[in-house]
Amino acid sequence: MAATAQLVKDLRDRTGAGVMDCKEALQAARGDLETAIEFLRKKGLAQAGKRAHREAREGMIGAYVHHSAKLGVLIEVNCESDFVARTEAFQELVKDLGMQVAAANPSYVAREDIPNDVIEKEREIYRGQLADQKKPAQVIDKIVEGKLEKWFSEQCLLEQPFVKDATGKTKIKDLVDGVNAQTQERIVIRRFSRFQVGEAG
């Protein structure tokens, strides 16, 4: 099936990829939109992997304040050039990330940032919860690791489902990868702080 103009437009709207990339993806996917999105994602991830060693020292600090003025977020997102930092795609990403931190209250950017002793403590809690269950050790281990994965998806910003996607399918990592592929630059969420009125410091 040929990549019709409408299909190309739909794919561009959903991924932000260039026209030629969209045509290539639709041809590879024989006109299937979901397969084409997957194709572009994999291509974007492969390209992002090549950029992983590059320095990301530009960027911006975004500020998000909830309309109640009782909740606010500061977030630093880095890229490789000032040019990309000024693009609409990058600024929109920073805005979305600030809103995500405000709404979903992550504790870390990525699971690699979590100290080992914190992870071990979580494992112990889950083991304690399963202590009275008469199950083989390997089954308990599997359940504990499953609970830990769920905890990572709540605590780590990159692994959280994007609050603006009602389907829950888009992870924050996918959002960052999409802008990475679009801008052709390495993008890194450096740090964030969330403030709530009346919260202990």
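Here, every reference points to the structure presented above.
Described below are features of the structure shown in this document. (Residues numbered from 1 in each chain as written. Predicted model: local features only at pLDDT ≥ 70, side-chain atom pairs only at ≥ 80, totals over all residues. Heavy atoms only, no water.)

### Considering the packing of helix H5 (residues 88-104) against helix H8 (residues 172-183)
Between H5 and H8, whose axes approach to 10 Å, the crossing angle comes to 170°. Here H8 runs roughly antiparallel to H5, going by the angle between their axes. Residues Ala89, Phe90, Leu93, Asp96, Leu97 and Gln100 of H5 touch H8, and the partners they reach there are Ile172, Leu175, Val176, Val179 and Gln182. Here the residues of the contact of H5 with H8 sort into eight nonpolar, two polar and one charged. (Axes fitted to C-alpha atoms, helices over the stretch in contact; angles between N-to-C directions. Helix = DSSP H or I, 4+ residues; strand = E, 2+ residues; numbered from the N terminus. Parallel < 35°, antiparallel > 145°, perpendicular 65-115°, else oblique. Contact = heavy atoms within 4.5 Å. Nonpolar A, V, L, I, M, F, W, Y, C, P; charged D, E, K, R; others polar.)

### Side note on the pairing of strand S2 (residues 71-79)
With eight of its nine residues buried, S2 lies for the most part within the structure. Bridge count for strand S1 (residues 58-65) against S2 is eight bridges, and the pairing is antiparallel. Within the sheet, the bridge partner assigned to alanine 63 lies in S2 and is leucine 74. In sequence, S1 turns back onto S2 through a hairpin of five residues, with alanine 69 there showing a positive phi of about 60°. Here S2 runs beside strand S3 (residues 188-196); their pairing, made up of eight bridges, is antiparallel. Bridging from a neighbouring strand, valine 77 pairs with isoleucine 189 of S3. (Buried < 20%, exposed > 50% of the residue type's maximum accessible area, 1.4 Å probe, protein only. Pairing = 2+ DSSP bridges.)

### Re the packing of aromatic side chains
Overall, the coordinates contain one aromatic pair when judged by the stated rule. For the pair tryptophan 151 and phenylalanine 152, a centre-to-centre distance of 5.8 Å together with 50° between the ring planes defines the contact as tilted. Looking at tryptophan 151, the relative accessible area reads 11%, which means it is buried. By relative accessible area, phenylalanine 152 is classed as buried at 6%. (Phe/Tyr/Trp six-rings, centres within 6.5 Å; stacked < 30°, edge-to-face > 60°.)

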